[in-house]
Amino acid sequence: MTPIRSAMISLTVAGILLTGATAQGADLSKELGTAITHAGLAVGSADLKLVQTHLHHVVNCLVGPGGNGFDASQANPCKDQGSGAIPDAPPDKTKVLQTALTSAQEGLATTNFDKAKEKATETQAALKRAQ
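Okay, so let's go over this structure.

## Comments concerning the overall build of the protein
A count of helices and strands for the protein gives 6 helices and 0 strands. Going from N to C terminus, the protein has its helices and strands arranged as α-α-α-α-α-α. A fraction of 63% describes how many contacts in the protein between residues 6 or more apart in sequence connect residues 24 or more apart.

See below:
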């Protein structure tokens with residue numbers, strides 16, 4: 001096999017692999033949209049339990065199933081959208097997504113309804129900045 005033919009085959013295989021990865025890959029815009037929706041649901045919730053339920057969903061969307069803080073006992077509304085918004089994000093969005101994660105986790109840690117809603121509002125605002 002000539003070196004040119006070998007290179008052409010390698011490029012073709014690489015293209016096929018990349019195409020497959022892209023088709024099955026992450027969709028950060030969907031992950032962010034879903035996380036924003038659940039942060040909004042947390043903001044609009046009428047009791048602490050619901051605020052925290054939706055904040056769990058946000059955390060799961062942000063960190064993904066393999067991430068630190070993922071809670072398998074809670075729903076993952078971002079299932080099949082990617083590996084989590086933080087692992088899927090480009091470096092320029094990571095800091096604001098980390099801010100959103102911290103706010104969501106602080107909302108989960110409190111037992112004060114008003115404080116949890118405040119943290120949900122902060123979470124939603126940070127997520128919108130990341131869009």
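Back to the write-up after that little detour.
## Looking at the nonpolar core
One broad rule of soluble globular proteins: the nonpolar side chains tend to lie buried together. Grouped together as the largest cluster of nonpolar side chains are 27 residues, with contacts concentrated most on Leu 32, Val 58, Leu 62, Leu 97 and Leu 127. Where this core is concerned, the elements lending two or more residues are helix H2 (28-43), helix H3 (48-63), helix H4 (85-88), helix H5 (91-109) and helix H6 (113-130). Per-element tally for this core: the top contributor is H3, with 7 residues. Look past the residues within four positions of Val 58 in its chain and what remains in contact with it is Ala 35, His 38, Ala 39, Ala 104, Thr 123 and Leu 127.

## Details of unusual backbone geometry
Its identity as a non-glycine residue notwithstanding, Asp 80 has a phi of 70°, on the positive side. Its place among the elements puts Asp 80 in the loop between H3 and H4.

## Observations regarding the state of the cysteines
Tallied over the entire structure, the rule returns 1 disulfide. Disulfide partner of Cys 61: Cys 78, at an S-S distance of 2.1 Å. Between Cys 61 and Cys 78, the disulfide has an S-S torsion of 95° and is therefore right-handed. Here Cys 78 lies in the loop between H3 and H4 and Cys 61 lies in helix H3, a separation of 17 residues in the sequence.

## Quick notes on H6
Owing to its 3.6 residues per turn, the α-helix brings residues three or four apart onto one side. With 18 residues, H6 ought to run about 26 Å at 1.5 Å a step, and its terminal C-alpha atoms sit 26 Å apart, in line with that. Turning to H6, its buried residues are Ala 116, Lys 119, Ala 120, Thr 123, Gln 124, Ala 126, Leu 127 and Ala 130. Taken around the axis of H6, the buried residues stretch over an arc of 165°, which confines them to a single face. Exposed residues pointing more than 90 degrees away from the buried face of H6 are listed as Asp 114 and Arg 129.

Rules used in this analysis
- Residues numbered from 1 in each chain as written.
- Predicted model: local features only at pLDDT ≥ 70, side-chain atom pairs only at ≥ 80, totals over all residues.
- Heavy atoms only, no water.
- Helix = DSSP H or I, 4+ residues; strand = E, 2+ residues; numbered from the N terminus.
- Contact = heavy atoms within 4.5 Å.
- Core = buried A, V, L, I, M, F, W, Y, C linked by side-chain atoms within 4.5 Å.
- Buried < 20%, exposed > 50% of the residue type's maximum accessible area, 1.4 Å probe, protein only.
- Disulfide = S-S within 2.5 Å.
- Expected span 1.5 Å × (residues − 1).
- Arc of directions from axis to C-beta.

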